[in-house]
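# Structural description and commentary
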Amino acid sequence: MKTLKEAYKEYFPIGVAVSPEILRKQGVFIAEQFDSITAENEMKFDALEPELGRFEFEEADQMVAFAREHQLKMRGHTLVWHQQIPQSIFEWENGGIISREESLKRMGNHIQRVVDRYKEDVYCWDVLNEVINDGEGYLRDTKWLQVIGEDYMEYAFRFAYEADSKSVLFYNDYNAIVPKKRDKIYELVKGLKAKGVPIHGIGIQGHWNIGDHNAWNLEAALKKFARLDLQIQITELDMSMYAFSDAKTHPELKGPTYEMLKRQEEEYDAVFRLFRRYKDYISGVTFWGVSDDYTWLDNFPVKYRKNWPFLFDEKGEVKAAYSKVINFNK
Ligand code: G3I
């Protein structure tokens, strides 16, 4: 049977989000199946700079070394986000919120240190993550926005570009195919481009579920984003077994039902058909985990509710959805 990366060789690299622990346990398998890795948490602000000016690179370095050793590409995730950042980054030592200038200095310093350190190995960065509101309103009310103002977004890309002018720089978001949010993302990115901001791609995270029929919205989003003449990547793909509105714990389920697996297969089939059709615009498809034994969805949106969102089951064996994804006629 073909591996994922063999099947998609002429299309786009297939990536996966991992941790050092997962690399220790499943490293050989990962290197066989995937072309690229992303650190699920280890390159986020709080992991790399847990306190102002104190950097911890050990875990990220291990992952970069793994990628290098196995000739895998590496995506960088993520430089400017409202989550997983110590609040003290926005505060003076003796309390109180820092000024715009100080905040820009801290953002610039973080980006410079991180992007520069990994510029030989990390080929792209999710520079700006999840700044658009899901509901009404345009920008999410983040600390970065409050302290710096709207141009914090431009600065993030400019700092990243200054640190590595060869890196592919992304805006990355979830619900990116939901029409209302999609259009806001489009306007944001179009506006940044018009200002000459160095932005090269849109990351559609791809946290989807089997309660939705994702293909229609996905195609409309791919069409719309393609007009911006930027790269598109699917950056965090998983296909939850629960509709987002399903907040129940489901203790009765010891494994996925036949119906769930069937729906998941249909959804994976549908979205990969589209990825292939839009291969001229898509420069990567990354899963947000390897196999069903571990996923962040085991704790989201319901804590301790097992989920099975990938192409490989809890034992690392291929699921029916895998065959659908790798067996296709050009
Ligand atoms: O590191 C601590 C550990 O010391 C502590 O004992 C443990 C107890 O809960 O928590 C550990 O931190 C957890 C961290 O993952 C590392 O495992 C956090 O609680 C947990 O909230 C955190 O979750 C991550 C989440 O981002 C945080 O927002 C998920 O693993 C990660 O998959 C998820 O990834 C995000 C992307 O970055 C952006 N897009 C959405 C995606 C899913 O939320």
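We now turn to the structure provided with this report. Throughout, residues of each chain are indexed from 1 in the direction in which the sequence is written. Local features in this predicted model are restricted to residues of pLDDT 70 or higher, and side-chain atom pairs are both shown and tallied only at a pLDDT of 80 or more, whereas totals for entire chains, interfaces and linings draw on every residue. As a convention, hydrogens and water are excluded, and side-chain values are obtained from all of the structure's heavy atoms.

## With respect to the nonpolar core
Among buried residues, those of type Ala, Val, Leu, Ile, Met, Phe, Trp, Tyr and Cys that are joined through side-chain atoms within 4.5 Å constitute a nonpolar core. Residue burial is assigned from relative accessible area. The probe radius is 1.4 Å, only protein chains are included, and a residue is buried under 20% of its type maximum, exposed over 50%, and partly exposed in between. Judged by nonpolar contacts, the single largest core of 104 residues is most densely connected at Phe272, Phe275 and Phe287. Of all the elements, helix α7 (residues 152-163) adds the most residues to this core, at seven residues. Only heavy atoms enter the contact rule, under which two residues are in contact if any of them lie within 4.5 Å. Ignoring sequence-local partners within four residues, the contact set of Phe275 consists of Phe12, Trp208, Leu218, Ile234, Leu237, Ile282 and Val285. Secondary structure is summarised from DSSP: a helix means a run of H or I of at least four residues, a strand means a run of E of at least two, and numbering begins at the N terminus for each.

## Re the packing of aromatic side chains
In summary, the pairing rule links any two rings of Phe, Tyr or Trp, Trp by its six-membered ring, whose centres are within 6.5 Å, and it sorts them by plane angle into stacked for under 30 degrees, edge-to-face for over 60 and tilted for everything else. Tallied over the entire structure, the rule returns 22 aromatic pairs. When the NZ atom of lysine or the CZ atom of arginine is within 6 Å of a ring's centre and also within 35 degrees of its normal, the charge is said to sit over that ring. The ring of Phe55 has Arg113 lying over it, and the distance from NZ or CZ to the ring centre is 4.3 Å. Here the basic side chain of Lys181 rests over the ring of Tyr174, its NZ or CZ set 3.6 Å away from the ring centre.

## With respect to the site of the ligand
Consider each residue's heavy atoms; a residue with any of them within 4 Å of a molecule or strand counts as near. In the vicinity of the ligand lie 15 residues, with Glu40, Lys44, His77, Gln83 and Glu236 positioned nearest. We define a polar contact as two N or O atoms separated by no more than 3.5 Å, with the added condition that, inside protein, one atom must be a possible hydrogen donor and the other a possible acceptor, whereas residues neighbouring each other in sequence contribute only through side-chain atom pairs. The side chain of Lys44 places a nitrogen or oxygen atom 2.7 Å from an oxygen atom of the ligand. Within the contact set of the ligand, an oxygen atom lies 2.9 Å away from a side-chain nitrogen or oxygen of Trp288. We get accessible surface area from the Shrake-Rupley algorithm with a probe of 1.4 Å; when it comes to residues, only the shown protein chains can shield them. Within the complex, the protein chains bury 47% of what would otherwise be the 790 Å² of accessible surface of the ligand. A cavity here means a set of 1 Å grid points, computed over protein atoms only, where a 1.4 Å probe fits but cannot escape. A pocket is an open set with protein on both sides within 12 Å along at least 5 of 7 lines, and lining residues have an atom within 4 Å of a point. Pocket or cavity membership: a molecule qualifies when more than half of its atoms sit within 2 Å of the grid points of that site. Under a 2 Å grid-point criterion requiring more than half of the atoms, the pocket assigned to the ligand is the largest pocket. Each residue belonging to the shell around the ligand can be placed in one class, and the counts come to four nonpolar, seven polar and four charged. When residues are sorted by character, Ala, Val, Leu, Ile, Met, Phe, Trp, Tyr, Cys and Pro go into the nonpolar class, Asp, Glu, Lys and Arg into the charged class, and all the rest, Gly among them, into the polar class.

Any functional reading would require information beyond the geometric quantities listed.
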